[in-house]
Amino acid sequence: MGNSLGIVRSVPGGLPACRGWSPQGCCEGGVPTLGLGRNILKTIALGQMLSLCICGTAITSQYLAERYKVNTPMLQSFINYCLLFLIYTVMLAFQSGSDNLLCILKKKWWKYILLGLADVEANYLIVRAYQYTTLTSVQLLDCFGIPVLMALSWFVLYARYRVIHFIAVAVCLLGVGTMVGADILAGREDNTGNNVLIGDILVLLGASLYAVSNVCEEYIVKKLSRKEFLGMVGLFGTIISGIQLLIVEYKDIASIHWDWKIALLFVAFALCMFCLYSFMPLVIKVTSATSVNLGILTADLYSLFFGLFLFGYKFSGLYILSFTVIMVGFILYCSTPTRTAEPAESSVPPVTSIGIDNLGLKLEENLQETHSAVL
């Protein structure tokens, strides 16, 4: 990403790195002690919080589909976008200056239309793919979004990865493969699909659109603001999903036999999705879109654990192994910060500088380097 913290390294507020600065015992005689492990634990906790939100949307959707025969993914997304609109778009409307809703629309309306379209269609295509292909295909091909996300981050955000990051991603994908194998052995793979090729293409398109949306989200929340991202997605997501549900889901919506249980499931889904959209920019701002996507790979496992009690799933020890492998890969990725390379300007050669991905870990490196320089 093109946002450099500069060559002179310091902690927030311009204080000299480490010297005279000791947040909660981070530095002791100029040497970092606790901050690195604390930042990794914080990143893990934030990632798993997002996984639980995704788990909530999966469980409520499955209840609606299996118990009440309600399949309305676009209506469910529409409710979430409406909540974002009512909260964040309205907040932008009352902002002053260049952060005002009208000012943003005048300058960047077409960009946010494309972002809203990518976000809405990513959600829709993945859900629609289940009608054509198998659970295994969706789980495996959905991971295609991670290499696409890394490639987009390289070219758009100027992220520069180290060897350990590629190893970490490979370990996480191995964990996903273990999870899929556990699904097959436990007998969950009972959907053969009626057109596997179409379903697989839908998954790949949806995963790619998710990557585009996540890269845009990282750029906006780090260079602009979280409220602008959520407000614009809420505005155009509401419009686009509203038009689309009238076209593709009006018959399904009209056939719903509403009662308080169905309404409660819709509310629960909307709240989980709203929390996911609200918290994800906060996590991306202190880590990166790639690390967030690696962290939420455990969402399917949480859904499985709840499904053991709610839907009678069979348990396999491979699920525990899969969770462990994914977490090991996630920790490996978070343990080493990425770099951000500034694009070349005129005749000045490109300079590799500190980025914002895994910010807490970068501060730890800065503290160590400053201590060495002082000695």
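Please read these numbers as outputs of a predicted model, since none were measured by experiment. (Residues numbered from 1 in each chain as written. Predicted model: local features only at pLDDT ≥ 70, side-chain atom pairs only at ≥ 80, totals over all residues. Heavy atoms only, no water.)

## Topic: the nonpolar core
Turning to step 1, where the next piece is worked out: Within the largest apolar cluster, 75 residues are counted, with the highest numbers of intra-cluster contacts made by Leu-84, Met-232, Leu-294 and Leu-297.
Turning to step 2, where the next piece is worked out: The element best represented in this core is helix 10 (residues 260–286), accounting for 11 residues.
Turning to step 3, where the next piece is worked out: Contacts of Leu-294, omitting those with residues within four sequence positions, involve Ile-146, Val-169, Cys-172, Ile-326, Phe-330 and Tyr-333.
Turning to step 4, where the next piece is worked out: One finds Leu-125, Val-138, Leu-202 and Val-203 within the second-largest nonpolar core, a separate group that totals 6 residues. (Core = buried A, V, L, I, M, F, W, Y, C linked by side-chain atoms within 4.5 Å. Buried < 20%, exposed > 50% of the residue type's maximum accessible area, 1.4 Å probe, protein only. Helix = DSSP H or I, 4+ residues; strand = E, 2+ residues; numbered from the N terminus. Contact = heavy atoms within 4.5 Å.)

## Here we look at the packing of helix 8 (residues 226–248) against helix 10
Turning to step 1, where the next piece is worked out: One way to put it is that helix 8 packs onto helix 10 with a least axis distance of 10 Å and a crossing angle of 145 degrees. As for how helix 8 packs across helix 10, the hand of that crossing is right-handed. Touching Arg-226, Phe-229, Leu-230 and Val-233 of helix 8 are Tyr-277, Ser-278, Pro-281 and Leu-282, all from helix 10.
Turning to step 2, where the next piece is worked out: Residues of the contact of helix 8 with helix 10, tallied by class, amount to 6 nonpolar, 1 polar and 1 charged. (Axes fitted to C-alpha atoms, helices over the stretch in contact; angles between N-to-C directions. Left-handed = near helix turned anticlockwise from the far one by under 90°. Nonpolar A, V, L, I, M, F, W, Y, C, P; charged D, E, K, R; others polar.)

## Things to note about the packing of helix 7 (residues 196–223) against helix 10
Each pair of packed helices can be summarised by the angle the axes make with each other and by the distance between the axes.
Turning to step 1, where the next piece is worked out: Direction vectors running N to C along helix 7 and helix 10 enclose 75 degrees, while the axes themselves pass 9 Å from each other. Relative to helix 10, the element helix 7 lies roughly perpendicular. Here helix 7 contributes Asn-214, Glu-217, Glu-218, Val-221 and Lys-222 to the contact with helix 10, which in turn contributes Met-280, Pro-281, Ile-284 and Lys-285.
Turning to step 2, where the next piece is worked out: Here the contact of helix 7 with helix 10 is composed, by residue class, of 4 nonpolar, 1 polar and 4 charged. (Parallel < 35°, antiparallel > 145°, perpendicular 65-115°, else oblique.)

## Quick look at the pattern of salt bridges
Turning to step 1, where the next piece is worked out: Inspection of every chain in the model, using the stated rule, returns 2 salt bridges.
Turning to step 2, where the next piece is worked out: A salt bridge links Lys-108 to Glu-228; its shortest N-O distance comes to 2.8 Å. Separated by 120 residues along the polypeptide, Lys-108 in helix 3 (residues 101–129) and Glu-228 in helix 8 bring together distant segments of the chain.
Turning to step 3, where the next piece is worked out: A salt bridge links Lys-222 to Glu-218, with the nearest nitrogen and oxygen atoms 3.0 Å apart. On the criterion of helical spacing, the pair formed by Lys-222 and Glu-218 is a turn pair, its members being 4 residues apart in helix 7. You'll find Lys-222 and Glu-218 in the same group, each marked buried. (Salt bridge = Lys/Arg side-chain N within 4 Å of Asp/Glu carboxyl O.)

## Focus: the packing of aromatic side chains
Turning to step 1, where the next piece is worked out: Applying the stated rule across the entire model yields 6 aromatic pairs.
Turning to step 2, where the next piece is worked out: A ring pair is formed by Tyr-81 and Tyr-277, whose centres lie 6.1 Å apart and whose planes are at 80 degrees; its orientation type is edge-to-face. Here Tyr-277 lies in helix 10 and Tyr-81 lies in helix 2 (residues 73–93), a separation of 196 residues in the sequence. Summarising the burial analysis for this pair, Tyr-81 and Tyr-277 share the class buried.
Turning to step 3, where the next piece is worked out: Measuring from ring centre to ring centre gives 5.9 Å for Tyr-302 and Phe-323, while their planes differ by 65 degrees; the resulting arrangement is edge-to-face. (Phe/Tyr/Trp six-rings, centres within 6.5 Å; stacked < 30°, edge-to-face > 60°.)

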